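Geometric and topological summary
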There are 2 protein chains.
Amino acid sequence: MNASPTFAADRQSGRQLRVTEKALPQHNRAHNRSLVLQTLFRRGAMSRADLARESGLTRPTVSGLVAELTDDGIVAELGFRDGARVGKPATLVGIQADAFHIVALDLSSADRFVGAIVNLRGEVIDRAHVDLDGAVGEEAVARCIRLVDELSTRTTRRLLGIGVGTPGIVDHEGTVRTAVHLGWYDLPLATRLTERFGVPVHVGNDSNVAALGVHTFGDQKHGQSLMVITIENGVGVGLIIGGALVEGEQFSAGEIGHVTVDDDGDVCACGRRGCLEVVLTAPLLAARLRSADAGSRGAVLHEAGRALGIVLAPIVSSLNLNEIVVCGPRALIEGALLRSALETVRNRTLSPVTNGLEMRYAGDDLELAVLGAASLVLSAELGVS
Amino acid sequence: MNASPTFAADRQSGRQLRVTEKALPQHNRAHNRSLVLQTLFRRGAMSRADLARESGLTRPTVSGLVAELTDDGIVAELGFRDGARVGKPATLVGIQADAFHIVALDLSSADRFVGAIVNLRGEVIDRAHVDLDGAVGEEAVARCIRLVDELSTRTTRRLLGIGVGTPGIVDHEGTVRTAVHLGWYDLPLATRLTERFGVPVHVGNDSNVAALGVHTFGDQKHGQSLMVITIENGVGVGLIIGGALVEGEQFSAGEIGHVTVDDDGDVCACGRRGCLEVVLTAPLLAARLRSADAGSRGAVLHEAGRALGIVLAPIVSSLNLNEIVVCGPRALIEGALLRSALETVRNRTLSPVTNGLEMRYAGDDLELAVLGAASLVLSAELGVS
């Protein structure tokens, strides 16, 4: 394993470009470089001429950037185009998928940390996990480090960086401000991992990271808006609006677990009554299902889904989004709970707003959350999103 | 009144620029032109050298764009800088505020359409209104046209365009798909006004337009997120997230009026029970206050505010926004209703998410909604936002 080359840090600016920002020349260059990578990333290998057409850049600009990216090892010539017309066949250039690998971690699960080695095309190369055994605080950090250690031995490629999705509120420095179930408060996770492994580290909230995963690699069907809900030790939401992640003014967007759903509900750990998490977390639901007789299990799931729907109805109405993807234990979420949540949202909103709404189980949630963590690194280091 | 010059249509593309989009040369030029206007718009007149520094563009690019904008009459030389150091004093260039005027309409009020003549700096030059007298359908369109006629006589400048904020669901063509209280269904309002007045027309939902008004011209205090709530014949929300308006997948973002707040509430016009608009619209509240005795008026306002807070709590939690501005009749909204709404949001959410939340009355709501309508035109025609 080698540290990421120096170009990586320069690329971070590519992520920030907005039309309202200053159009400094180096921004334009980073922008164009990202555009080339983005095009190859999304469309696959192509000739330089096609790349110019697709990206809207000039041929000389494309050639210069391809040369630079080839020197960095990220792009390579990958042979000739099949079925070329008469004349010289065009050389295809494409992402060198395994030029770098990414270590991607998903810390959202209640009982274990999972991770993967991911390549530049977002393909999972290998997987690992460590059981949590109730570890919190420094012991949980140690298990996180052990997981990165374990994954690092699975690749001989240079690491582009480490991406982490963690429960809790995470700021732009990668400090976990609060992750109650892990006992992490103001934990500088990105700094700790950077010091330990010598590569760039990017940390985000688990639901936000899962939303990035679905948006970047998943089967996102509709437009530019997406909600991903993670149901594990708590309930969190990740929102993509207009193609961009919503982080919130205090990095707390998506913290819906303690919204009141029932004024007469049970007392919550937070001290108030009837929060969503009083009827909907993975451990709680699992316990209730275990103690319920066969005939009342459906009612338990229906009640949990209804509580979720009550919280979602105003959010869906205010954003008019069409797609909600739910991550967490499949046995709890898929089926009765999801049906009840969707039905509740429909019953509590105006039909033009929610007619188009679909809610679905994430399928292989591990994969999307891990890929989302990898996309944090791709986005920050290469400007690919 | 003269029609807008031909440059107007070309500028529309400036609005669409995103980092993920193709960086075609004409986009870059529109981008740079918008950047120059944006800088002058926000910072006021300055020298070409300062403009280059502020915008991050090169001196020759700035000089070329200033020459082009001067030819179009939008920018002019406005004298010399005071207190210049020794040597030739720098010539200041700035927005020629009255080169064009904008007709801006706010159709949100329950009893009248209001409008203004606004200049390129967003200053109101003159105002007018027409009473609605319960007009709906074509008669309401006729009153809208009469208001534009009236306003057009108040200026001799060329019109950059007409901006309209209307209740209901509005698509990108400026067609009002549904505005129940005005009896408008699939009404091509932008096309109708363009045909009648021969200038570009931009139509948006009233709450969205009010949000643009606060964001562009108002006293927005916090970050990049803002919610504006309009309480008139209905209750609508306009959201700015990450500096951009949220329109929704079916242009229906912000339609919170028919979210259920009370499962046992009164039957609503929509056929369901306990919608927000069963306890909170301007006419309904006014009627309840008239029939209530002095001692119970506070309770009527408190109940309405609480219903609003119940709907807002999940939205604020999912977006973690800090600023909510409420428009509508001052006598109903300012005071007890707002206090109750904020208290309810705080009581029903996690404190780290809503500690920073402020809710305030819009003050002069007419002004902001009208200025928002003007900003639709500034944004679409000049790329200034």
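What comes next is a walk through the structure. Keep in mind that this is a model prediction, so the values were computed, not measured.

Some remarks on the relation of the copies chain A and chain B
Note: a rotation about an axis with an accompanying shift along it relates these two copies of the chain. Its rotation angle being 180°, the transformation that places chain A on chain B also includes 0.1 Å of axial translation and leaves an RMSD of 0.1 Å. Read as a symmetry element, the transformation amounts to a two-fold axis. Relative to the rotation axis, the C-alpha of Ile315(A) is the closest in chain A, positioned 2.4 Å from it. Of all interface residues in chain A, 100% are interface residues in chain B too; the two copies therefore contact each other through one and the same surface.

Things to note about the pattern of salt bridges
Residue and element names in this part refer to chain A. Under the definition given, this model contains 36 salt bridges over all chains. A salt bridge links Glu150 to Arg154, with the nearest nitrogen and oxygen atoms 2.6 Å apart. On the basis of relative accessible area, Arg154 is assigned to the partly exposed category, the value being 31%. A salt bridge links Arg330 to Glu334; its shortest N-O distance comes to 3.0 Å. Accessibility expressed as a relative area gives 42% for Arg330, which makes it partly exposed. The class for Glu334 is partly exposed, based on a relative accessible area of 43%.

Digging into the packing of aromatic side chains
Residues and elements named next belong to chain B. Applying the stated rule across the entire model yields 4 aromatic pairs over all chains. Both rings, one in Phe41 and one in Phe217, keep their centres 6.2 Å apart while their planes meet at 70°; by these two values the pair is edge-to-face. With a gap of 176 residues between them, Phe41 in helix α2 (residues 25–43) and Phe217 in helix α7 (residues 206–217) connect regions that are remote in the sequence. Look at Phe41 and you get buried, because its relative accessible area is 18%. Ring geometry for Phe113 against Trp184: centres 6.4 Å apart, planes inclined by 50°, an arrangement best described as tilted.

Comments concerning the side chain of Asp106(B)
All names here are of chain B. Looking at where Asp106 falls in the secondary structure, it is placed in strand β4 (residues 100–106). There is no salt bridge for the buried Asp106, and the closest opposite charge comes from Arg112, which lies 8.9 Å off by N-O distance. Side chain to side chain, Asp106 and Ser108 meet in a polar contact 2.9 Å long. In this view, Asp106 contacts Phe113, Val114, Gly165, Ala369 and Val370; residues no more than four positions away in its chain are not counted.

Thoughts on the pairing of strand β9 (residues 176–179) of chain B
Residue and element names in this part refer to chain B. As paired elements, strand β8 (residues 169–170) and β9 share 2 bridges and run antiparallel to each other. By the bridge assignment, Ile169 is partnered in β9 with Thr178. Between the antiparallel neighbours β8 and β9 lie 5 residues, among them Gly174 with a positive phi of about 75°. Hairpin connection from β9 to strand β10 (residues 184–187): 4 residues lie between these consecutive antiparallel strands, with Gly183 at a positive phi of about 65°.

A closer look at the packing of helix α5 (residues 137–152) of chain A against helix α6 (residues 189–197) of chain A
All names here are of chain A. Closest axis-to-axis distance for the α5/α6 pair is 11 Å, and the angle between their directions is 45°. Relative to α6, α5 is oriented oblique. The way α5 lies across α6 gives a crossing that is right-handed. Packed against α5, whose contacting residues are Glu138, Val141, Cys144, Ile145, Val148 and Asp149, the element α6 presents Arg192, Leu193, Arg196 and Phe197 at the interface.

A look at the sheet that holds β10(B)
Here we have 3 strands laid out as an open sheet, ordered β8-β9-β10 (chain B), and antiparallel in their pairing. Edge positions in the sheet fall to β8 and β10 of chain B, since each of these pairs with one other strand and no more.

Looking at the packing of helix α8 (residues 282–291) of chain A against helix α9 (residues 297–319) of chain A
All names here are of chain A. Running from N to C, α8 and α9 cross one another at 155°; their axes reach a closest spacing of 9 Å. Taken together, the axes of α8 and α9 lie roughly antiparallel to each other. Read as a crossing pair, α8 and α9 show a hand that is right-handed. Residues Leu285, Arg288 and Leu289 of α8 form the contact with α9, whose own contacting residues are Arg297, Val300, Leu301, Glu303 and Ala304.

Section: helix α3 (residues 48–55) of chain B
Residue and element names in this part refer to chain B. Residues of α3 that are buried include every one of Leu51, Ala52 and Ser55, and no others. Summarising the axial view, the buried residues of α3 lie within an arc of 100°, below the 170-degree limit, and thus occupy one face. A positive backbone phi angle near 75° is found at Gly56, which sits one or two residues after α3.

Some words on the interface of chain A and chain B
Tallying the contact residues gives 57 residues for chain A and 57 residues for chain B. Buried area between chain A and chain B, both sides added, is near 4400 Å², and the carbon and sulfur share of it is 55%. If you look at where chain A meets chain B, you find 4 salt bridges. Its salt-bridge partner being Arg306(A), residue Asp263(B) comes within 2.9 Å of it at the nearest N-O pair. Here chain A is connected to chain B by 28 residue pairs in polar contact (both at pLDDT 80 or more). Listing elements by their share of the side of chain A that touches chain B, those giving two or more residues are α2 (25–43), α3 (48–55), β13 (235–241), α9 and α12 (351–354) of chain A. Tallying contributions element by element places α9(A) first for the side of chain A that touches chain B, with 8 residues.

Focus: the sheet that holds strand β15 (residues 323–327) of chain A
Residue and element names in this part refer to chain A. Spatially, the 5 strands line up as an open sheet ordered β14-β13-β12-β15-β16, and their pairing is mixed. Bordering the open sheet on either side are β14 (244–245) and β16 (358–361), each of which pairs with just one other strand. Note that strand β12 (residues 226–231) and β15 share 4 bridges and pair parallel. Among the inter-strand pairings, Val228 is bridged to a residue of β15, identified as Val325. The strands touched by helix α11 (residues 336–347) are β15 and β16; relative to β16, the strand with the most contacts, the crossing angle is about 165°.

A short note on unusual backbone geometry
Positive phi outside glycine occurs at Asn320(A), with the angle close to 50°. Looking at the secondary structure, you find Asn320(A) in the loop between α9 and β15. In this structure, Asp186(B) is a non-glycine residue whose phi angle is positive, near 50°. Tracing the backbone through its elements, the reader meets Asp186(B) in strand β10.

With respect to the state of the cysteines
Residues and elements named next belong to chain A. Tallying each qualifying case throughout the model produces 0 disulfides over all chains. Cys268 forms no disulfide, and the closest cysteine sulfur to it belongs to Cys275, at a distance of 3.8 Å. The exposure class of Cys268 is buried, given its relative accessible area of 10%. For the unlinked cysteine Cys270, the closest cysteine sulfur is that of Cys275, found at 3.6 Å. For Cys270, a relative accessible area of 33% gives the class partly exposed.

Conventions and cut-offs
- Residues numbered from 1 in each chain as written.
- Chains lettered and ligands numbered in written order.
- Predicted model: local features only at pLDDT ≥ 70, side-chain atom pairs only at ≥ 80, totals over all residues.
- Heavy atoms only, no water.
- Least-squares fit on C-alpha atoms with pLDDT ≥ 70 in both.
- Contact = heavy atoms within 4.5 Å.
- Salt bridge = Lys/Arg side-chain N within 4 Å of Asp/Glu carboxyl O.
- Buried < 20%, exposed > 50% of the residue type's maximum accessible area, 1.4 Å probe, protein only.
- Phe/Tyr/Trp six-rings, centres within 6.5 Å; stacked < 30°, edge-to-face > 60°.
- Helix = DSSP H or I, 4+ residues; strand = E, 2+ residues; numbered from the N terminus.
- Lys, Arg positive; Asp, Glu negative; His and termini not counted.
- Polar contact = N/O pair within 3.5 Å; in protein donor to acceptor, adjacent residues only side chain to side chain.
- Pairing = 2+ DSSP bridges.
- Axes fitted to C-alpha atoms, helices over the stretch in contact; angles between N-to-C directions.
- Parallel < 35°, antiparallel > 145°, perpendicular 65-115°, else oblique.
- Left-handed = near helix turned anticlockwise from the far one by under 90°.
- Arc of directions from axis to C-beta.
- Buried area = accessible area lost by both parts, 1.4 Å probe.
- Disulfide = S-S within 2.5 Å.

Everything listed here is a matter of coordinates, which is why it stays silent on function.
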